[in-house]
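# Architecture at a glance
What follows is the residue order along each chain.
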Amino acid sequence: DAGVIQSPRHEVTEMGQEVTLRCKPISGHDYLFWYRQTMMRGLELLIYFNNNVPIDDSGMPEDRFSAKMPNASFSTLKIQPSEPRDSAVYFCASTRPNRAGYTFGSGTRLTVV
Amino acid sequence: SQQGEEDPQALSIQEGENATMNCSYKTSINNLQWYRQNSGRGLVHLILIRSNEREKHSGRLRVTLDTSKKSSSLLITASRAADTASYFCATDRGGSEKLVFGKGTKLTVNP
């Protein structure tokens, strides 16, 4: 099993540009989570999906952020327009209902200049 | 908002010593989990303890849970330099699948 796959690993973009982060969960995992990690705020849950349906997006900071899961094997997190304060490491994680623990991807380090 | 809070924030020990990290949380839970994060990497699940369990072991790891005090501890015995990492506790909030993470304990094991 290749694990949870995120791309890109690093992204540097200019303020105002659109950024799209991608995630492929583990096959058979029907929960998918997007987290953001910063030194100041730690790990914050942005949104999570169950069977491709968004369940809780209360952590999405503002309308500039959007997430989709068009099928069981792919999810995107989009920031438009990006701002320097969005700089962080964004993690995707997946799990199954028996809650054996989350499997995290390696993260995308986003830098907005 | 943070549900779990780890203590201490940082811990430095010598190889071979035991490391103990604590986690406190605020609301009732179904289970509590511990994760490890090496620098620049994703989090790795270590162990899950359910609310009706008091202690669990996995290799050199021992986790305890005291629901009356809303606290948990993670003990790493006979630590190795490779255990150097940040350790996070995470809790669900009964009925929800989402996990809320603390800010972590940064463990340094000196060779």
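To keep things clear, this report deals only with the structure shown in the data block. Not measured: the values here are computed from a predicted model.

### Side note on the overall build of chain A
Per the secondary structure count, chain A includes 0 helices and 11 strands. Element order for chain A, N to C, with α for helix and β for strand: β-β-β-β-β-β-β-β-β-β-β. The C-alpha atoms of chain A give a radius of gyration of 13 Å, which matches the 13 Å a tight globule of 113 residues would have. Summarising its shape, the C-alpha atoms of chain A cover approximately 40 × 25 × 25 Å along the three principal directions. The long-range share in chain A, meaning contacts at least 24 apart out of those at least 6 apart in sequence, stands at 53%. Of the accessible surface of chain A, which amounts to about 5,500 Å², a share of 49% is contributed by carbon and sulfur atoms. Side chains of chain A give 12 positive and 12 negative charges; the mean places of these two sets differ by 5 Å.

### A closer look at the side chain of aspartate 92 of chain B
Residue and element names in this part refer to chain B. Looking at the element boundaries, aspartate 92 is found in the loop between β9 (85–91) and β10 (100–101). Among the polar contacts listed, one links the side chain of aspartate 92 to the backbone nitrogen of asparagine 30, at a separation of 2.8 Å. Within the structure, the side chain of aspartate 92 is placed 3.3 Å from the backbone nitrogen of asparagine 31, a separation counted as a polar contact.

### Some points on the sheet that holds strand β3 (residues 19–24) of chain A
Residue and element names in this part refer to chain A. Reading across from one edge, β1-β3-β8-β7 is the order of the 4 strands in this open sheet, with antiparallel pairing throughout. Across the chains shown, the open sheet's two edge strands, defined by having one partner strand only, are β1 (5–7) and β7 (65–71). Across the sheet, the mean angle from the axis of one strand to that of its neighbour is 15°, orientation sign disregarded. Pairing analysis gives 5 bridges linking β3 to strand β8 (residues 74–79), with the strands arranged antiparallel. Across the sheet, cysteine 23 pairs through a bridge with serine 75, a residue of β8.

### Some thoughts on the interface of chain A and chain B
Interface size is often expressed as the accessible area that is lost when the parts come together. With 22 residues of chain A in contact, the opposing surface of chain B contributes 19 residues. Taken together, the two surfaces of chain A and chain B that pack against each other cover about 1,600 Å², and 47% of this comes from carbon and sulfur. Across the contact surface, chain A and chain B share 1 salt bridge. Of the charged contacts in the structure, one is a salt bridge between lysine 98 of chain B and aspartate 56 of chain A, with a shortest N-O distance of 2.7 Å. Run the count over chain A and chain B and you get 6 residue pairs in polar contact (both at pLDDT 80 or more). Residue assignment for the side of chain A that touches chain B shows that the elements contributing at least two residues are β4 (31–38) and β5 (42–50) of chain A. Grouping the constituent residues of the side of chain A that touches chain B by class yields 11 nonpolar, 7 polar and 4 charged.

### Looking at the packing of aromatic side chains
This model, assessed by the stated rule, comprises 13 aromatic pairs over all chains. Between the aromatic rings of tyrosine 31 of chain A and phenylalanine 33 of chain A, the centroid separation amounts to 6.3 Å while the plane-to-plane angle is 15°, which identifies the pairing as stacked. By the burial criterion, tyrosine 31 of chain A is buried, and phenylalanine 33 of chain A matches it. For the pair tyrosine 35 of chain A and phenylalanine 104 of chain A, a centre-to-centre distance of 5.9 Å together with 45° between the ring planes defines the contact as tilted. In this pair, tyrosine 35 of chain A is assigned in strand β4 and phenylalanine 104 of chain A in strand β10 (residues 103–104), connecting sequence segments 69 residues apart. Residue class for phenylalanine 104 of chain A comes out buried when judged on its relative accessible area of 9%. Ring-pair connections join several aromatic residues into one group, and the members of that group are Tyr31, Phe33, Tyr35, Tyr48, Phe91, Tyr102 and Phe104 of chain A together with Tyr35 and Phe101 of chain B.

The rules behind the values
- Residues numbered from 1 in each chain as written.
- Chains lettered and ligands numbered in written order.
- Predicted model: local features only at pLDDT ≥ 70, side-chain atom pairs only at ≥ 80, totals over all residues.
- Heavy atoms only, no water.
- Helix = DSSP H or I, 4+ residues; strand = E, 2+ residues; numbered from the N terminus.
- Rg over C-alpha atoms; globule rule 2.2 N^0.38 Å.
- Contact = heavy atoms within 4.5 Å.
- Areas by Shrake-Rupley, 256 points an atom, 1.4 Å probe, with all protein chains shown as cover.
- Lys, Arg positive; Asp, Glu negative; His and termini not counted.
- Charge placed at Lys NZ, Arg CZ, Asp CG, Glu CD.
- Polar contact = N/O pair within 3.5 Å; in protein donor to acceptor, adjacent residues only side chain to side chain.
- Pairing = 2+ DSSP bridges.
- Axes fitted to C-alpha atoms, helices over the stretch in contact; angles between N-to-C directions.
- Buried area = accessible area lost by both parts, 1.4 Å probe.
- Salt bridge = Lys/Arg side-chain N within 4 Å of Asp/Glu carboxyl O.
- Nonpolar A, V, L, I, M, F, W, Y, C, P; charged D, E, K, R; others polar.
- Phe/Tyr/Trp six-rings, centres within 6.5 Å; stacked < 30°, edge-to-face > 60°.
- Buried < 20%, exposed > 50% of the residue type's maximum accessible area, 1.4 Å probe, protein only.

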